[in-house]
Amino acid sequence: MSVLFKNVKQLVFDIDNYIDTVEQGTLVFKEGIVNYLKGEKSSFAEKIDTITQLETRADKLQRKIDNQFYHHSILPQNVSDIEIMLDKIDELIDISKDILYQFDDELPFIPKELVNDYLRLADASCEAALTCFPATRTFFREPLKVRDMLVKVYFYEKETDKLARNIKRKLFHEMPDLRLSEKIHLRYFTLHIETISDKAENLADMLSILALKMSI
Amino acid sequence: MIILFYLSSGLFLGWSLGANDAANVFGTAVGSRMIRFKTAAIVASIFVILGAVIQGAGASHTLGKLGSISTLAAAFTVALSAALTVFWMTRLKLPVSTSQAIVGAIIGWNFYTNNPTDLNILTKIVSTWVSGPILGGIFSVLLFILIRKVNQKTKIHLLYRHSYIKFGLLIVGAFGAYSLGANNIANVMGVFTTAITLPTIDLGFVSIDSTQQLFLVGGIAIAVGIITYSKHVMETVGNTLMPLTPDAAIVVVLSQALVLFIFSSQTLSNSLQSIGLPAIPLVPVSSSQVVIGSIIGIGLYKGGKEIKYNILGSISLGWIATPIVAGIMAFIMLFFVNNVFKQNVGTNNLIETKIKVVKGAATTINISDSTYTGINQTEPIVNDSIINKEKLITQRDTQSASKTKLIIIWIELLIIIILAFILIYYLWFRNKKTNKLKLEYNLFKEKTLLKVGSLKKRIVEKELRQENLGKELKFRQNEMVTMAMSIIQKNEFLENLKREIIKIKSRVSDHETRLGLNKLSLMITQDLSIDRDRERFQLIVNEQSNNFNQRLTDRFPKLTDNEKRLIALLRLNLSSKEIASILNISPKSVEMNRYRLRKKLQVEPKTTLNDFIRKF
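Only a predicted model underlies this, so the values are computations on that prediction, with no experimental measurement involved.

### Re the overall build of chain B
Here is step 1 of the chain: Assigned secondary structure in chain B consists of 21 helices and 2 strands.
Here is step 2 of the chain: Counting every position in chain B, which comprises 616 residues, the buried fraction comes to 42%.
Here is step 3 of the chain: Contacts in chain B between residues far apart in sequence, at least 24 positions, make up 80% of those at least 6 positions apart.
Here is step 4 of the chain: Element-wise, carbon and sulfur atoms account for 63% of the exposed surface of chain B, whose accessible area totals about 34900 Å².

Okay, here's the thing in structure tokens:
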């Protein structure tokens, strides 16, 4: 019997591994932001290396999963939906890596008054993504429970929006000493970090629709 | 060789059965690419043959009771007429079933050969046509509930579940193919079993009798139909007719297999009889109709909203139309085979049996006459022969009466033919009308979808444009605020500088230094009054508020330029102090100007000036 399900066993293992990798990537991103804000340059460089490796691994795994789905004709009716979902998961690690590189390349100046705000923003945004991963794992086992798990994602996404808006308001209303270029630069970095939670929200939407589709 | 020729019509019927009915077993699995066609075809072929050889006798025996076709030519004609009926009605897209066609063709033979049709057997067969789909529906509902409960209780990974379903579809498909072979082989070879007798083949461990050999050949014909033509049916009709989820597909195929198995299992029937229950009628049932029954069962369980109830009407019409058409076709073809090709298509079995008895008796009389010795023992024989002669005369009378009956039958048949043609015409016309309506509906749907699509696209484009404009507006506003802030800061700085210069001037006694400080103070004052930044800012504000200004002027034509400037700055949510700095006037003047503006704009006491301007 185990011979019959060998391919499926491998695929299940690969999907779990893929989700783990992306989850790890999000955690590394969060730590990377903390390192940058606290000025720990060597740790930040280390995080960039780690996230690059994780992103490469995730890409390889995604391609392998794609091949297995089509080669062994597994879930032919739902494969395209699952592929889109895996793409959305991949976007999370892709964007995380890009943002860390942007921090590394552009070295945005973050005033001390805003460090805590940025830390809270990164935390809330990553939390939205991190709440998505257990929901993704549950989707494969108990689709009906997914919707309940996604409530947290929407909450964190809204929190991130609020925090981002506060930072922008602070930048343009309460910090006259900063140059406009610096303000705009920081505004863009706020937007970058906010994107993680937006992508998590997109994934959550997709998951809830898919879960509903599977349970019918 | 001649046997093979006569068998060809049955083989054709088998081929068409394999080509069409295999889709009921593996259609969803292949159509949804869960199972490859190659695998499905191999499994279906093997199990159809096994089912036919091992368990095909039961249903065939019942068909034999309905009409025992004794000659090869008659069997060939009956099978051919059933096959042609299926072919013709399928082309006209009318509901048709092989099981019903063969029953109709046998009744047609009964009519032609003047053999009585056993009404009990016929009732038994017709009742299974109705009970088959109903039973399929019941099974499917029960199995569907069971599979749902299992899915909810167990936390199986989606991919493992898929594998189990895939494996299950293969197993259930094999069972379905076995049942299809066991039940439907009677349609293909049932009519030949009494006409052809083949020597038993002994393979040592198993022996295959004449009927089983015929069923083997029929099974192979079905398998050829599956391999050569069912792929097309599975990929087109199989999937479009029943777009089922894999779970539902397993349930439907299993229900169908169970129904077909029940109506062909002699062992099950015997077991029921042994515990005092009534025997199961072993009758060929239409697999397509059982599948439809099963799907309707699931549909009803789900609430019955998606069911197309007109399909039930089609099945019912199929029950009536198919046997009538097949019967008429068999009757006409038997007439031709009998009178044009001079082939023996069978006689009245009852009369034949009686004539045989009489002939036997007459021979006994002759023997008695030649060997008559006057012994008393021969008296009963003589008496018997007299009785037999009387019977012979009665028989002749019966034959002349049967001729009259034949004429009546011909008239009845003519009426049936006319009725059948009217029915077929009605079905064909209705089908044509439905197709036309469907075509019109699809065209309308397509057009509407296109329109909706283009409208949606336009809405999305507009929303996008609006969003971009909103973003741009926000950006410009931010830019203006930033600029205003920098002007304010610069002016504040210059004011402070001027104050400091005045302070220093009061402490300095040197004339030249005082003159220099005076010059500096004057320069600052000039810069404050002729501020280029402010002018530029004013320009941007005016440019941004073009529409707003226009609206303002239209409604309040008496507003001055200074008042309009104040309104523009208030729109940016700037405080009186900030506005004062930008306009190089005192904050008190700003407050006064605001008061005048409020009066001019006739703002209600409850509303603030800022809110009024923002909402304007």
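Okay, back to it.
### Regarding the overall build of chain A
Here is step 1 of the chain: A tally of helices and strands in chain A yields 7 helices and 0 strands.
Here is step 2 of the chain: Along its sequence from the N terminus, chain A presents helices and strands in the succession α-α-α-α-α-α-α.
Here is step 3 of the chain: Looking at chain A residue by residue over its 216 residues, the buried ones come to 51%.
Here is step 4 of the chain: About 10500 Å² of surface is accessible on chain A, with carbon and sulfur atoms providing 51% of the total.

### Some thoughts on the nonpolar core
Here is step 1 of the chain: The biggest cluster of nonpolar side chains holds 90 residues, and the ones touching the most others in it are B:Phe26, B:Ile102, B:Val103, B:Val191 and B:Phe192.
Here is step 2 of the chain: In contact with B:Val191, not counting residues within four places along its chain, are B:Ile69, B:Ala75, B:Val78, B:Ala79, B:Ile102, B:Ile106 and B:Ala186.

### Quick notes on the confidence of the model for chain B
All names here are of chain B.
Here is step 1 of the chain: In this model, chain B carries a mean pLDDT of 81, and residues with pLDDT of at least 70 account for 85%.
Here is step 2 of the chain: Across chain B, element-level confidence peaks in helix 2 (residues 37-55) with a mean pLDDT of 93 and bottoms out in helix 13 (residues 349-370) with 51.
Here is step 3 of the chain: In this model, residues 367-378 is a region of pLDDT below 50 whose contacts with residues beyond four sequence positions or in other chains number 2 contacts.

### Remarks on the side chain of A:Thr160
Residues and elements named next belong to chain A.
Here is step 1 of the chain: With respect to the element layout, Thr160 can be found in helix 6 (residues 151-174).
Here is step 2 of the chain: Residue class for Thr160 comes out buried when judged on its relative accessible area of 0%.
Here is step 3 of the chain: What Thr160 contacts, discounting residues up to four positions off in sequence, is Leu121, Ala124, Ser125, Glu194 and Ser197.

### A word on the layout of surface pockets
Here is step 1 of the chain: Counted as a void, the second largest pocket has a volume near 1100 Å³.
Here is step 2 of the chain: Of all the secondary-structure elements, those providing two or more residues to the lining of the second largest pocket are helix 6 and helix 7 (180-215) of chain A together with helix 14 (379-507) and helix 21 (609-615) of chain B.
Here is step 3 of the chain: Top contributing element to the lining of the second largest pocket by residue count: helix 14 of chain B, with 8 residues.
Here is step 4 of the chain: Classifying every residue of the lining of the second largest pocket by side-chain character gives 12 nonpolar, 4 polar and 12 charged.

### Considerations on the interface of chain A and chain B
Here is step 1 of the chain: Between chain A and chain B, the residue contacts involve 25 residues of the former and 19 residues of the latter.
Here is step 2 of the chain: Summed over both partners, the interface of chain A with chain B comes to about 2300 Å²; 66% of that surface belongs to carbon and sulfur atoms.
Here is step 3 of the chain: The largest share of the area that chain A buries against chain B comes from A:Phe5, A:Pro76 and A:Gln77, three residues that together contribute 22% of it.
Here is step 4 of the chain: Across the pair A:Glu142 and B:Lys155 runs a salt bridge whose closest N-O atoms are separated by 3.9 Å.
Here is step 5 of the chain: Taken together, the elements giving at least two residues each to the side of chain A that touches chain B come down to helix 1 (6-37), helix 4 (112-141) and helix 7 of chain A.
Here is step 6 of the chain: Broken down by element, the side of chain A that touches chain B gets its largest block of residues, 5 residues, from helix 1 of chain A.
Here is step 7 of the chain: A breakdown of the residues in the side of chain A that touches chain B according to their chemical character gives 19 nonpolar, 3 polar and 3 charged.

### Here we look at the pattern of salt bridges
Here is step 1 of the chain: All told, the structure shown has 19 salt bridges over all chains when counted by the stated rule.
Here is step 2 of the chain: Note that B:Lys600 and B:Glu563 form a salt bridge whose closest N and O atoms lie 3.0 Å from each other. In this pair, B:Lys600 sits in helix 20 (residues 587-601) while B:Glu563 sits in helix 18 (residues 561-571), placing the two residues 37 residues apart along the sequence.
Here is step 3 of the chain: For B:Lys600, a relative accessible area of 34% puts it in the partly exposed group.
Here is step 4 of the chain: Residue B:Glu563 is classed as buried on the basis of its relative accessible area, which comes to 13%.
Here is step 5 of the chain: Taken together, the shared-partner salt bridges in this structure form one network comprising A:Asp20, A:Glu23 and A:Arg137.

### A few points about a nonpolar patch on the surface
Here is step 1 of the chain: On the surface, B:Ile411, B:Leu414, B:Ile415, B:Ile418, B:Leu419 and B:Ile422 cluster together into a nonpolar patch covering about 600 Å² of accessible area.
Here is step 2 of the chain: With respect to the secondary-structure elements, B:Ile418 resides in helix 14.

### Here we look at the packing of helix 3 (residues 57-66) of chain B against helix 6 (residues 119-153) of chain B
When two helices pack together, their arrangement is given by the angle between the helix axes and by the axis-to-axis distance.
Residues and elements named next belong to chain B.
Here is step 1 of the chain: At a closest axis distance of 9 Å, the pairing of helix 3 and helix 6 adopts a crossing angle of 135 degrees. Taken as axis vectors, helix 3 and helix 6 run oblique relative to one another. Our pair here, helix 3 against helix 6, has a crossing hand that is left-handed. Counted together, Thr62, Leu63, Lys65 and Leu66 of helix 3 and Ile121, Leu122 and Ile125 of helix 6 form the full contact between these two elements.
Here is step 2 of the chain: Tallied by class, the residues present in the contact of helix 3 with helix 6 amount to 5 nonpolar, 1 polar and 1 charged.

### Description of the packing of aromatic side chains
Here is step 1 of the chain: Inspection of every chain in the model, using the stated rule, returns 15 aromatic pairs over all chains.
Here is step 2 of the chain: Ring centres of B:Trp15 and B:Tyr229 lie 5.7 Å apart, and the angle between their planes is 45 degrees; this geometry places the pair in the tilted category. On the criterion of sequence distance, the pair formed by B:Trp15 in helix 1 (residues 2-31) and B:Tyr229 in helix 8 (residues 210-241) is long-range, its members being 214 residues apart.
Here is step 3 of the chain: Looking at B:Trp15, the relative accessible area reads 30%, which means it is partly exposed.
Here is step 4 of the chain: The class for B:Tyr229 is partly exposed, based on a relative accessible area of 38%.
Here is step 5 of the chain: Residues B:Tyr160 and B:Tyr164 carry aromatic rings whose centres are separated by 6.5 Å and whose planes lie at 25 degrees to one another, so their mutual orientation is stacked. With B:Tyr160 and B:Tyr164 both in helix 7 (residues 158-189), this residue pair falls 4 residues apart, about one helical turn.
Here is step 6 of the chain: Through a chain of ring-to-ring contacts, three or more aromatic side chains come together here, namely A:Tyr36, A:Phe44, A:Phe103 and A:Phe189.
Here is step 7 of the chain: Here the guanidinium or amino end of A:Arg187 rests over the ring plane of A:Tyr188, the centre of that ring lying 5.5 Å away.

### Digging into the side chain of B:Asp247
Here is step 1 of the chain: Considering the arrangement of structural elements, one finds B:Asp247 in helix 9 (residues 246-262).
Here is step 2 of the chain: With residues near it in sequence (within four places) discarded, B:Asp247 still touches B:Ile147, B:Asn151, B:Arg161 and B:Ile165.

### Things to note about the confidence of the model for chain A
Here is step 1 of the chain: Within chain A, residue pLDDT values average 91, and 98% of them lie at 70 or more.
Here is step 2 of the chain: In the model of chain A, helix 5 (residues 146-149) of chain A stands out as the element of lowest mean pLDDT, 88, in contrast to helix 1 of chain A, which has the highest, 94.

### Points about the environment of A:His192
Residue and element names in this part refer to chain A.
Here is step 1 of the chain: Relative to the elements of secondary structure, His192 occurs in helix 7.
Here is step 2 of the chain: Between the alpha carbons of His192 and Ile99 there is a distance of 6.5 Å; along the sequence they are 93 residues apart.
Here is step 3 of the chain: With sequence-adjacent residues up to four places away left out, His192 is seen in contact with Ile99 and Gln102.

### Description of the environment of B:Gln213
Residues and elements named next belong to chain B.
Here is step 1 of the chain: Here Gln213 lies in helix 8.
Here is step 2 of the chain: Gln213 gets classed as buried once you look at its relative accessible area, which sits at 12%.
Here is step 3 of the chain: Each C-alpha atom, one on Gln213 and one on Val53, is 7.6 Å from the other, the two residues being 160 residues apart in sequence.
Here is step 4 of the chain: With near-sequence residues (within four places) excluded, Gln213 lies in contact with Leu198, Pro199, Thr200, Ile201 and Ile208.

### Some thoughts on unusual backbone geometry
Residue and element names in this part refer to chain A.
Here is step 1 of the chain: A positive phi angle, close to 45 degrees, is found at Leu75, a residue other than glycine.
Here is step 2 of the chain: Among the secondary structure elements, Leu75 is positioned in the loop between helix 2 (41-71) and helix 3 (79-106).
Here is step 3 of the chain: Although it is not a glycine, Leu107 sits at a positive phi angle of roughly 40 degrees.
Here is step 4 of the chain: With respect to the element layout, Leu107 can be found in the loop between helix 3 and helix 4.

### Let's talk about helix 5 (residues 98-112) of chain B
One turn of an α-helix holds 3.6 residues; hence residues three or four places apart share an orientation.
All names here are of chain B.
Here is step 1 of the chain: Between its first and last C-alpha atoms helix 5 spans 21 Å; for 15 residues at 1.5 Å apiece the expected length is 21 Å, and the two agree.
Here is step 2 of the chain: Within helix 5, 14 of the 15 residues are buried, which leaves the element mostly enclosed by the surrounding structure.
Here is step 3 of the chain: Between a side-chain oxygen at the N-terminus of helix 5 and the backbone nitrogen of Ser99 the separation is 3.2 Å; the capping residue is Ser97.
Here is step 4 of the chain: Positioned one or two residues after helix 5, Asn114 has a phi angle of 65 degrees, which is positive.

Calculation notes
Residues numbered from 1 in each chain as written. Chains lettered and ligands numbered in written order. Predicted model: local features only at pLDDT ≥ 70, side-chain atom pairs only at ≥ 80, totals over all residues. Heavy atoms only, no water. Helix = DSSP H or I, 4+ residues; strand = E, 2+ residues; numbered from the N terminus. Buried < 20%, exposed > 50% of the residue type's maximum accessible area, 1.4 Å probe, protein only. Contact = heavy atoms within 4.5 Å. Areas by Shrake-Rupley, 256 points an atom, 1.4 Å probe, with all protein chains shown as cover. Core = buried A, V, L, I, M, F, W, Y, C linked by side-chain atoms within 4.5 Å. pLDDT = per-residue confidence, 0-100. 1 Å grid on protein atoms, 1.4 Å probe; cavity = no way out; pocket = protein on both sides within 12 Å on 5 of 7 lines; lining within 4 Å. Points joined across faces, edges and corners; volume = space filled by probe spheres on them. Nonpolar A, V, L, I, M, F, W, Y, C, P; charged D, E, K, R; others polar. Buried area = accessible area lost by both parts, 1.4 Å probe. Salt bridge = Lys/Arg side-chain N within 4 Å of Asp/Glu carboxyl O. Patch = residues over 30% accessible without salt bridge, like charges linked within 9 Å, V, L, I, M, F, W, Y side chains within 5 Å. Axes fitted to C-alpha atoms, helices over the stretch in contact; angles between N-to-C directions. Parallel < 35°, antiparallel > 145°, perpendicular 65-115°, else oblique. Left-handed = near helix turned anticlockwise from the far one by under 90°. Phe/Tyr/Trp six-rings, centres within 6.5 Å; stacked < 30°, edge-to-face > 60°. Lys NZ or Arg CZ within 6 Å of the ring centre and 35° of its normal. Expected span 1.5 Å × (residues − 1). Polar contact = N/O pair within 3.5 Å; in protein donor to acceptor, adjacent residues only side chain to side chain.

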